[in-house]
Amino acid sequence: DVKVTQSSRYLVKRTGEKVFLECVQDMDHENMFWYRQDPGLGLRLIYFSYDVKMKEKGDIPEGYSVSREKKERFSLILESASTNQTSMYLCASSLGGQPKFGNGTRLTVT
Amino acid sequence: AQSVTQLDSQVPVFEEAPVELRCNYSSSVSVYLFWYVQYPNQGLQLLLKYLSGSTLVKGINGFEAEFNKSQTSFHLRKPSVHISDTAEYFCVVSDVAGRRALTFGSGTRLQVQP
């Protein structure tokens, strides 16, 4: 079964910590995405990538960076975690057709 | 740029009644359209998709949607809802070339009451 795997389902970090959220897909998809989901706000795009080493800012990139060194892996980095980054983070991948989502990482920053 | 508008944030409906969840989009290029469902405390699950061909697409759990290019709409319908359909529904747009990000609507919470 093809899948998008997010390394952690739940994560608790302290304010100021550097946080890495990992996402791996096994479908050879070119496009990968990071979203955050908050109640009443839906899903908001943080960053996306359509090729290795390529990245583009989404709607809310502040406080985040990304890394795509290999096609199958797309990492989201919180340089210095803050409490307003407490959220559900969703990774997705696509090849122009149907996007496939991971199960999400619920991050709590205390 | 592309955008998606889900016109209703919440839709309360009684069990066995029909329902329509509305979605309008805008894009300067050709698009693919999707509806995803998220049940409480679960991930996103694909309900149905429009890639090309027939404008009426059928999905899982008895849902269907119609792509209307002239009205740039992709409304989701079900003739008779169940309690188990209570969930949040997202309309999603993707450009055909796949070079732009998926764009989500803000979601519609369907609340099915007995």
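Please refer to the structure higher up on the page.
Residues numbered from 1 in each chain as written. Chains lettered and ligands numbered in written order. Predicted model: local features only at pLDDT ≥ 70, side-chain atom pairs only at ≥ 80, totals over all residues. Heavy atoms only, no water.

A. Up close: the pairing of strand β2 (residues 10-14) of chain B. All names here are of chain B. Burial of β2 is one-sided: the residues Val11 and Val13 facing one way are buried, the residues Gln10, Pro12 and Phe14 facing the other way are not. The sheet contact formed by β2 and strand β12 (residues 108-113) spans 5 bridges and is parallel. Bridge pairing in β12 places valine 11 opposite leucine 110. (Buried < 20%, exposed > 50% of the residue type's maximum accessible area, 1.4 Å probe, protein only. Helix = DSSP H or I, 4+ residues; strand = E, 2+ residues; numbered from the N terminus. Pairing = 2+ DSSP bridges.)

B. Structural context of the packing of aromatic side chains. Summed over the entire model, instances satisfying the criterion amount to 11 aromatic pairs over all chains. Centroid distance tyrosine 25 of chain B to phenylalanine 67 of chain B: 6.3 Å. Interplanar angle 25°. Geometry classified as stacked. With tyrosine 25 of chain B in strand β4 (residues 23-26) and phenylalanine 67 of chain B in strand β8 (residues 64-68), the pair connects residues that are 42 residues apart, well separated along the chain. Since its relative accessible area comes to 9%, tyrosine 25 of chain B is described here as buried. Ring geometry for phenylalanine 63 of chain B against tyrosine 89 of chain B: centres 5.5 Å apart, planes inclined by 45°, an arrangement best described as tilted. A residue pair is termed long-range when its members are at least 10 positions apart, and phenylalanine 63 of chain B in the loop between β7 (56-58) and β8 and tyrosine 89 of chain B in strand β10 (residues 87-95) qualify at 26 residues. Feature note: the residues Phe33, Tyr35, Phe48 and Phe101 of chain A together with Phe34, Tyr36, Phe90 and Phe104 of chain B constitute an aromatic cluster, connected by ring pairs. For the cation-ring pair, arginine 9 of chain A lies above tyrosine 10 of chain A, with the distance from its terminal atom to the ring centre recorded as 5.5 Å. (Phe/Tyr/Trp six-rings, centres within 6.5 Å; stacked < 30°, edge-to-face > 60°. Lys NZ or Arg CZ within 6 Å of the ring centre and 35° of its normal.)

C. Broad picture of the nonpolar core. Core analysis: the biggest nonpolar cluster contains 28 residues, and Trp35, Leu48, Phe74, Leu76 and Tyr89 of chain B have the highest contact counts within it. With near-sequence residues (within four places) excluded, tyrosine 89 of chain B lies in contact with Gln6, Leu21, Trp35, Tyr36, Val37, Leu47, Phe63, Leu76, Gly107, Thr108 and Leu110 of chain B. In terms of nonpolar packing, the next biggest core, distinct from the first, is built from 21 residues, Met32, Val66, Phe74 and Cys91 of chain A among them. (Core = buried A, V, L, I, M, F, W, Y, C linked by side-chain atoms within 4.5 Å. Contact = heavy atoms within 4.5 Å.)

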